[in-house]
Every structure is written in structure tokens, then in C-alpha cells.
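# A look at the structure
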Amino acid sequence: MEDELWLRLLGPVEILNGRADWLRPRGPQLRVTLASLGLSAGRVVPIGDLVDALWEEESPPSARASVQILVARLRKLLGDLPDCKLDRYGDGYLLDVGPDRIDVHRFRSLVRAARQAASHQDAISLLGRALTLWRGPALADVSATPRVEAIRTGLAEEQLTAAEDRFGHLLAIGRHAEAAEEIPLLLAAHPLAERLAGLLMVAWYRCGRQADALGLYRSMRSKLAHGLGVEPGPDLQRLHQLILAGDPVLAAPPVQVTPSLPAVPAASHMPRARRLPSVQPPASARPVPAVAVLPPRPPTVVPDGVRPAGQHAIATAQVNGDGRAAHPETTAVVPRELPPPPAHFTGRQRELATLTSRLVNGVSAAGPVVLAVCGPPGVGKTALALQWARQVQQHFPDGQLHVDLGGFGPSPDPASPGEAIAAVLQSLGVAADQVPGRTDAGAGLYRSLLADRRMLILLDNVRDEAQVRPLLPGTPACVVLLTSRSDLGGLVASHGAQPVTLHALSAMESTQLLAGRLGAERAETEAAAVRELVSLCAGLPLALVVVAARAATRPTFELDSLAAELRGARQRLSGLDTGDQAASVRAVFSWSYRMLSEPVARMFRMLGAHPGPDISAWAAASLVPCGADSARAALSELVRANLISEQVPGRFAVHDLLRAYAAELSNGEERAAALRRVLDHYLRTAYLAVDLAYPGWRPGPLPAAPSGGNEELHSAAEARAWLLAEHEALLAAIAAAARSGLDQHAWQLPAVLREHFVRTGRYAECAQSQRVALAAAAHLADRTALALAHRSLGDALGQLHSGREATEQLAQALALYRDLGDQAGQAACHCGLARLARSAGDNSTALHHTQHSLRLYRAAGDLTGEAMALNGVGWDYALLGHNQRAVSYCTKALELHRRQGDRLGQAMTLDSLGYCCHQAGRHSQAAELYQQALEAFADAGDTYYRAHTLVRLGEAHTANGDPGT
């Protein structure tokens, strides 16, 4: 198997099994995981990268566990391949397999060998072998997420480069007829590939098809103009002129050239297609030349009587007393004002690619391309802007301007548009005493000076739209890059600005940033402390930089001591203070806060009291308090200021450090009152939601729902959607109530939510919340609340297979209910004990408990409970093999449930009757009853028990001889 491939990614994802057959891994997630590990074979792939590859949007809480399961399945698939291992290394996985066993790595190896080949013929052979490895688009059967598309596009770039190199070698040894036959097929797939077009023009010219070569140039020129708004590159234009002139340099035999170049000098540095690669090529690949994304600079217009000072001359205006520009003079000024690039810039590859992509998409606009980098304070907007500006600065030969507009800073007064224009005009060579006095006149002169220039204008730290509108040039050859804490929605609407919003760094990017500043050795030695610091900084680049700076000034201190300073939420911002306002997290936050109106500032302060990860407008209204409309208006203003985010419509989140800052701004009494109000809101709305979502729910003895306005829920579907949307916030509210000593909320919220947890199978969270309720009820010495908490906890533990503790909890609940004289409560405990007995295989004991519960429910006059107990007795008889008795009890239960309108009770009883029919061999009737049960479960909003019925329905169909149904 020395020359065999084991993994194929250049096409559908396939793996070789022990019988030398190619297998396609089942399941899209398994293929994504295998492809991610295969592309990085020999290198550790962090679990976070695998999670990002599998879930393009927000990953579920179980993501890491899912990755571990997928890796375990991959190990089985790889088990038959010798010398192939998939091992865990720290927080990642490494696929240890020879690179020649994976087609993408063998492809790259062959391409590298071709570039070092001793002859053109050898290079052609090697490149041909490399290209035959392709069986279609890379990762052809992997879902096309943006991340996968980026990988796929990058690999396609490598394939195209190899094909172009091969054609260059064919031309170099006189095989132009062969190239002329093959290139058109590839050019049809890549219609804007200038290098490929140039190779075909040379091939056709040498085949005597000069007219076709010239026609191809005209076609390319038209496509580039309409597709990208640009002219062909200078090399293609030169080749066109050589063909028009019939220059002898194009004649065969061609000049010998290096393998990666076309066969003639005219095409020796032919630019690639004017499209941007989505991923970086491997280090071994030929570098892809920078992509020209702007139209060529228009010819310089020189006023009459004025001699141009040079190719990049900038006009300096003489200004009359009325502010109008007189005859300008010229001075050669090409500003290069970009500040130094950020040190240890990390991550943001997607945002950098987005900026470039939006630049490309905007070049056909009538006005300048305007790109706006927005985000919360300290998120690294300026760093990203400078990094990108440095990457593309070669496309702006007439210079780069940079102006810090001071929109947010120590001074409350930002630069006015007039002051900014005056500074820019001086950068363009206008003498200070010749700058127009009026803003509109200065703006006019500014646009005139830029009219025939290709320049990049970086306007940093923008306050609002009005501050920058006069600074927007009127020419499409200029690009304006803005950074702002505001979302600049007005510019998006009026000038087509392309927004790029920054969020916190990922854990991996944060770790890389810290390691870059601390040094790899220190970061590795104190890895645990680094992980904690990353968590405490919550992905905010400014916080990470401050932590790194403090560590650098204390090289003998352990990083754990620095982490200890940040662990307390109230001390965290103090630990992120350097003494320099520009590098102090608290100070940087304050510059945004002081811009808020008082109602919005109050909303921001009160958000610091909210315990959950995100919040709705209704919940926010309860914090302040105010009406829902006022809350939405305040939240919208905070979103525009990038102090909070709205990543899901209608739900607003605050970064952890901004939350800590907001909490600092209010006193303890204000925060406690706000917390109590929002807990009232959650309890009130949860009561309504559960009542709507699960008609007939049995909460036990609860006080009436607190008075006050509820969220507007009108149907069971809306109520269930609310419960799912607020799930994390509700769990956080229960924990916050316990921490704050609000015992009533701490036991009532779990009691209200118990039904929701049970119906959706969330037994672990049910048990966790009931433990909180138990502690709160004990502190209140409320025996009714204690009994309910013990019973609910016992039921949840029983579903989690903690039988011994579940029995203890139910026994304590039963004793309390006896003391209280609560017969229905006792009956519910016996139902719980029956479930535990069934789980242990003791169906006789289970029957004893269900019979006891039936007597107690009847004595209490509880018809719903009686129906449940009748079904329980019938189920236990069925399990014991007494089918006729079982049907009798279950039939009575179904009649009673129907009279009560209890759809959940009907569903469970129909399931029991279906089981009885199945046991009696009446499989078609059983399937029909199971189907009715499923419909009733759906009406009741239950997902947990519905799954059990689906299993039994499958068994009935199988027994009936139709397993495919």
C-alpha cells in the first residue's frame, strides 16, 4: 500500500477501508470532521476549530461532547489503515498519517516537485499527475457553509494555478496546439482568469489564429469591465500590443522560462483572475500576486497654464478671500500617513476577507467605496483597520490619509468636520494659510484634489455620520475606511457604506494574542493561568492587551496571581487599569457611556443587574422600570452605540466586562430593586407561558402569579417559543435569586418551570433547579414548598437513574404530605415511587403504588389525578401480563382524560393501549393507537414521552411485516 491513497478530499470525501474499497463516511458532520483533520494532517487541530467548522452559527452546549463522539467514530473508520492514528493532544486532535496518503497533500507535493523539476517535460508530467487527483470540487459532499466555501475556493485556486503552470510548460516546449485545445475548457470555468487568457492568446497566436487571440482580449476586457469595473492588467495589455504588432518575440519556439511563468516575456508576470482567494495558499505554493481591485487611475487633468510637478503631483490651491479656490499651484505630495501596524495582530481573518470582498463588490459604484468597521469599545476596530489598510496599501499609489476624529476619547469634544478637512488639506499639500475658512468650500477643494487620485482615507474613531459626510470624496477611485463605536446606519442608507461589525475574539484567538505578547514559553508553562485569563477577559482585545502588559512589567510574578486579581467581578475592571486612560478598560468604556442620554444611561446601568446571558425588551422594561416601547427605544440606542448587541432579533446581550462596568455605575440598592423586578417579571410570565403551553399542568399549591404586566403571549406555540428563548435567562434567574437571598423566587420559579422541564426532557436542569428550591424552602421553613421541592427533585432524579436518592426524596415528600393532610400530594409521590419500581424491574411493587395513588386521588376528588392513576394501574397490569385488566383500566382512564380535555393524559393512555394491542398480537391496531398518541403528544407540547412512543410504533410496524414504514 506504499503508493495508495487513504483519504480523498479533492472531490467527495472518501476513506479507504481494509478491503481497498472507497467508503463515503455517513453523516455530514462526520465528513466535515474528517476533512478538517485531513486538511491539517500532522498538525493539532484544536477542538474549538472543529466546533467552528461543524456549527457555523452558534454552537450548542453539547458541541465538545459531539466532537468527541465524532472522533470516536472516525477512529473506528481509520482502524484498518496501518500507521494511521487519530490521537488527542491537549485541547485538540492530530491525524497522524503520511501526507502522501491524502490526495490534497499529495497534490501539493507533486506541484512543489514540478516547480523544482529539471526540465519542462518533467514538470508537465508531475503537474499532470497532480491534476488527475481531482475528482470534482474539493469537499464536494460537505455542506456549503461559509467556512467550507472558503476552503473549497482556496483549493480551487491551487488547482487553477497548477493547470496554468502546466500550460506554461507546454508552451515552453512548443506544444502550443495541445495547450490551445485544452485551455478553453478551463477558461470557461474561470472567465476572469487573466493569466489563463494570456496563455490561450499566445497559444492561438502560435497556431496562426491571431484574430481569435485579439478577439479573446476584447472579450476579456468586456468581462472585466462589467464584472469588476476594471481594465485588463498591464501585462495582458502589453501582450495585446505585441500580438497586434506581430512581434517576433511571440514566435515559436518559445523562450525558455522558469516553470511557473508563461512562455513569453509579455506574460511573464501575468496577474491572476481579479478575484480574491478565500484562504491563504500553503507556504510551499507559488505566491498569488496581489489582486487589483480598483479601476485604473484616470488621466491627470492639469489646469491651463499650470505645469504638472510629477506623476503623483497634488494641486495646492490659492484661496481668495471669499473662500473660493483660485488658480492652484502644484507640489509633489504623496501622503503616507498610516500609523505603524498593530503588534502581534491575531485572528480576524474572516473580517479581513470580508473587507476585501466588500471592496471588490463596491468598485462599480458611482462614488467612493465606504467601509465601516464598527463594534464595542476595546474590541480592536483600529487594529483591524490598520492591519487591512497595510495589506492593500499598494493599490493606492497616490497615498494614504489617516485622521483620528476623536469621536470617543478623553476629551468630550470630537474634531469638527471643518477641523478634519483642514488637517486633510494640509496633508495634501495645501498651506495652512490657504485652507478655506468655510467647511463647504474646504470640502469642495478636498474633493477636487482627489478627483483624479487613487487614495485610501482612514477616518478613525468616528462619532457619527455628520462628522464624516463632508470627508467623503466624490471619486470611485478612492476608498474610505471608517472605524466607529456607532453603527453608522445613516451612512449605510445614504452612501451605501459596507458595515463590518467586530465581536469578541474566540478563545483560541485570545490565547494566540496572549501567547504572542507573553512569549510562547511562558504561555505554555502557565497554560492553565492563560486559559483563565482568556476567560476572564471574555475575548476583549483591549483587556487581553492590558493583561499582557501587566504581565510583561512583572516578569517574575506568576500569571495565576494576575488571574486572582481579576476573579471578582467588582475588582475586574480595576485589574484592567494601566494608569493610562487610552489603555484602561474602565476609561475606554466611560467615553461611550457619557454620550448616552439619561434614560438610555439608566437602562445601561440596570442591565448590569440582569443575571442572564441575554434579555428581551419586556424583561429590560421591568429592570428600569418603563414601558416596553421605551425599553425597545433605549435598547436600540445602546445597540447603535455598540454597548450591547442584538445577535438574535429581539434579544440583547451585554459583554461580560461591559456588564461589570454597568454594575459599577449603580449602587447596591438600585441593583437589588432591579433584580427583584426582573425576577417578578420572569415568574409572572413563566406562570402564563406554562399555563398556555401545557393546559392541565399540575403545579401543586402555588401562590397566585404576581400582579403586573406580562409579555404578550396568545397561544401555546408563542408560549413554548418564549420558554425556549428565555431558557438560559430563567436558569440564571433561579441562581441569582438564590445568591441574593430572594427565597420566594428561588423556590417558586423552579416550581412553575417544572412542567416545562419535564415535557422537554430537561431532567438534569429540573433536578438542579429543584435543589435550589429545596434550599430556599428550607430557609423559609415552608413545609408545603419543601414537600413540592422534594417530590419534584425525586421525580427528576428517577429519570436520571439515581434511584436511591430519588427514593429518599420521594419518601421525605410523602411524609410531609401526610403531615399536611394533602392526599393529592401523597398520591403523586406514590406515582413517582411506582416509576422507580418499574425502572428496577419490580412491576408488582409498582402496581401496589399505583393502586394506592388511585385510592388517594379518588379520596381527594382529583379527577385528573384519578385518570393518571387509572392509566398507571393499567400499565402495570400490562407489564405483568394481565392484558385484559390493563385494557379495562386504560379505557376508563382514556374516557376520563377526554372529559377533562387533558391531551397529555390522553397521549400516555393511548400509548398504553397501543402496547396492550401489541402484546396481544394486534399490531395494526397498536400502530393506529400509537399514531393517535403521537398526535396528542404534539398537541400537549411533549417531546420526551413522544420519543418513547415513536420507538414502540417502529416495533409495531416491524412486527406487522412493514419495517420500512
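Residues numbered from 1 in each chain as written. Predicted model: local features only at pLDDT ≥ 70, side-chain atom pairs only at ≥ 80, totals over all residues. Heavy atoms only, no water.

## As for the overall build of the protein chain
The secondary structure content of the protein chain amounts to 41 helices and 16 strands. A buried classification covers 51% of the 965 residues belonging to the protein chain. Contacts in the protein chain between residues far apart in sequence, at least 24 positions, make up 66% of those at least 6 positions apart. With an accessible surface of roughly 41000 Å², the protein chain has 52% of that area assigned to carbon and sulfur atoms. (Helix = DSSP H or I, 4+ residues; strand = E, 2+ residues; numbered from the N terminus. Buried < 20%, exposed > 50% of the residue type's maximum accessible area, 1.4 Å probe, protein only. Contact = heavy atoms within 4.5 Å. Areas by Shrake-Rupley, 256 points an atom, 1.4 Å probe, with all protein chains shown as cover.)

## Details of the environment of Leu155
Within the secondary structure, Leu155 sits in helix 6 (residues 146-172). Along the backbone, Leu155 and Leu139 are 16 residues apart, and their C-alpha atoms lie at a distance of 9.7 Å. Among all residues touching Leu155, those that are not within four sequence positions of it are Leu39, Val104, Arg108, Trp134 and Ala138.

## Overview of the sheet that holds strand 5 (residues 85-89)
Across the sheet, which stays open at both edges, the three strands sit in the order 4-6-5 with antiparallel pairing between neighbours. Single-partner strands in this sheet number two, and they are strand 4 (44-46) and strand 5. Geometrically, the sheet is characterised by an average inter-axis angle of 30 degrees between neighbouring strands, direction not taken into account. Here strand 5 pairs with strand 6 (residues 92-96) via five bridges, running antiparallel. Paired with Lys85 across the bridge in strand 6 is Asp96. (Pairing = 2+ DSSP bridges. Axes fitted to C-alpha atoms, helices over the stretch in contact; angles between N-to-C directions.)

## Here we look at the environment of Arg586
Among the secondary structure elements, Arg586 is positioned in helix 23 (residues 585-593). What makes Arg586 partly exposed here is its relative accessible area of 23%. Spatially, the C-alpha atom of Arg586 lies 7.7 Å from that of Ser574, the residues being 12 residues apart in sequence. Contacts of Arg586, omitting those with residues within four sequence positions, involve Leu573, Ser574, Asp577, Tyr661 and Glu664.

## Observations regarding the pattern of salt bridges
On inspection of all chains with the given rule, the structure shows 31 salt bridges. In this structure, the salt-bridge partner of Arg8 is Glu14, at a minimum N-O distance of 2.5 Å. Take Arg8: its relative accessible area is 18%, and that puts it in the buried class. The class of Glu14 is buried, set by a relative accessible area of 15%. Residue Glu805 pairs with Arg771 through a salt bridge whose shortest N-O separation is 3.0 Å. (Salt bridge = Lys/Arg side-chain N within 4 Å of Asp/Glu carboxyl O.)

## Brief notes about the side chain of His655
Mapped onto the elements of the fold, His655 is located in the loop between strand 16 (651-653) and helix 27 (656-664). With relative accessibility at 19%, the residue His655 sits in the buried group. Looking at His655, its side chain comes within polar contact range of the main-chain oxygen of Ala538, at 2.8 Å. Of note is the side chain of His655, whose polar atom sits 3.0 Å from the backbone nitrogen of Leu657. (Polar contact = N/O pair within 3.5 Å; in protein donor to acceptor, adjacent residues only side chain to side chain.)

## Overview of the sheet that holds strand 13 (residues 498-501)
Spatial strand order, 10-11-12-9-13: five strands in an open sheet with parallel pairing. Edge strands, defined here as strands with exactly one partner in the open sheet, are strand 10 (400-404) and strand 13. Taken pair by pair, the neighbouring strands of this sheet meet at an average axis angle of 15 degrees, ignoring direction. Alignment of strand 9 (residues 369-374) against strand 12 (residues 479-484), held across six bridges, turns out to be parallel. Note on strand 12: the bridge partner recorded for Val373 is Thr483.

## Examining helix 4 (residues 103-115)
Taking 1.5 Å as the rise per residue, helix 4 with 13 residues should run 18 Å; its terminal C-alpha atoms sit 18 Å apart, in good agreement. For helix 4, every residue scored as buried is listed here: Asp103, Val104, His105, Arg106, Phe107, Arg108, Leu110, Val111 and Ala114. Taken together, the buried residues of helix 4 touch strand 1 (7-8), helix 1 (28-39), helix 5 (120-131) and helix 6. (Expected span 1.5 Å × (residues − 1).)

## Section: the state of the cysteines
According to the stated counting rule, one finds zero disulfides in the structure shown. Left unpaired, Cys916 is separated from the closest cysteine sulfur, that of Cys890, by 5.0 Å. The exposure class assigned to Cys916 is buried, which follows from its relative accessible area of 1%. (Disulfide = S-S within 2.5 Å.)

## A look at the packing of helix 36 (residues 843-860) against helix 37 (residues 863-879)
Two elements in contact, helix 36 and helix 37, have axes separated by 8 Å at closest approach and are oriented at 160 degrees. Considering the angle they form, helix 36 stands roughly antiparallel to helix 37. Where helix 36 crosses over helix 37, the handedness of that crossing is left-handed. Contacts from Asn843, Ala846, Leu847, Thr850, Gln851, Ser853, Leu854, Tyr857 and Arg858 of helix 36 reach helix 37 at Gly865, Glu866, Ala869, Leu870, Gly872, Val873, Asp876, Tyr877 and Leu879. Taken together, the residues of the contact of helix 36 with helix 37 sort by class into nine nonpolar, six polar and three charged. (Parallel < 35°, antiparallel > 145°, perpendicular 65-115°, else oblique. Left-handed = near helix turned anticlockwise from the far one by under 90°. Nonpolar A, V, L, I, M, F, W, Y, C, P; charged D, E, K, R; others polar.)

## Quick word on the environment of Trp134
If you trace the backbone, Trp134 turns up in the loop between helix 5 and helix 6. The class for Trp134 is buried, based on a relative accessible area of 11%. For the pair Trp134 and Gln159, spaced 25 residues apart in sequence, the C-alpha separation works out to 8.4 Å.

## A look at helix 14 (residues 439-450)
Structural remark: α-helix, 3.6 residues per turn; residues separated by three or four positions point the same way. Its 12 residues give helix 14 an end-to-end C-alpha distance of 17 Å, which sits within 8% of 16 Å, the value for a rise of 1.5 Å per residue. Where helix 14 is concerned, the buried positions are Ala441, Gly442, Ala443, Leu445, Tyr446, Leu449 and Leu450.

## Details of unusual backbone geometry
With glycine set apart, most residues show a phi of negative sign, and most peptide bonds adopt trans. The omega torsion across Val624 and Pro625 is -10 degrees, close enough to zero to call that bond cis. Phi angles above zero are rare outside glycine, and Arg348 is one such case at about 65 degrees. Take Arg348: it is sitting in the loop between strand 8 (329-331) and helix 11 (349-362). Positioned with a positive phi, Asn642 is a non-glycine residue whose angle comes to about 60 degrees. With respect to the helices, strands and loops of the structure, Asn642 is situated in the loop between helix 26 (628-640) and strand 15 (645-648).

## So, the packing of aromatic side chains
Within this structure, the stated rule accounts for seven aromatic pairs. Linked through ring pairs, Phe589, Tyr593, Phe604 and Tyr661 together constitute an aromatic cluster. When the ring centre of Trp22 is taken as reference, the NZ or CZ atom of Arg8 above it lies at 4.0 Å. The ring of Phe408 carries the charged tip of Arg463 above its face, separated from the ring centre by 5.8 Å. (Phe/Tyr/Trp six-rings, centres within 6.5 Å; stacked < 30°, edge-to-face > 60°. Lys NZ or Arg CZ within 6 Å of the ring centre and 35° of its normal.)

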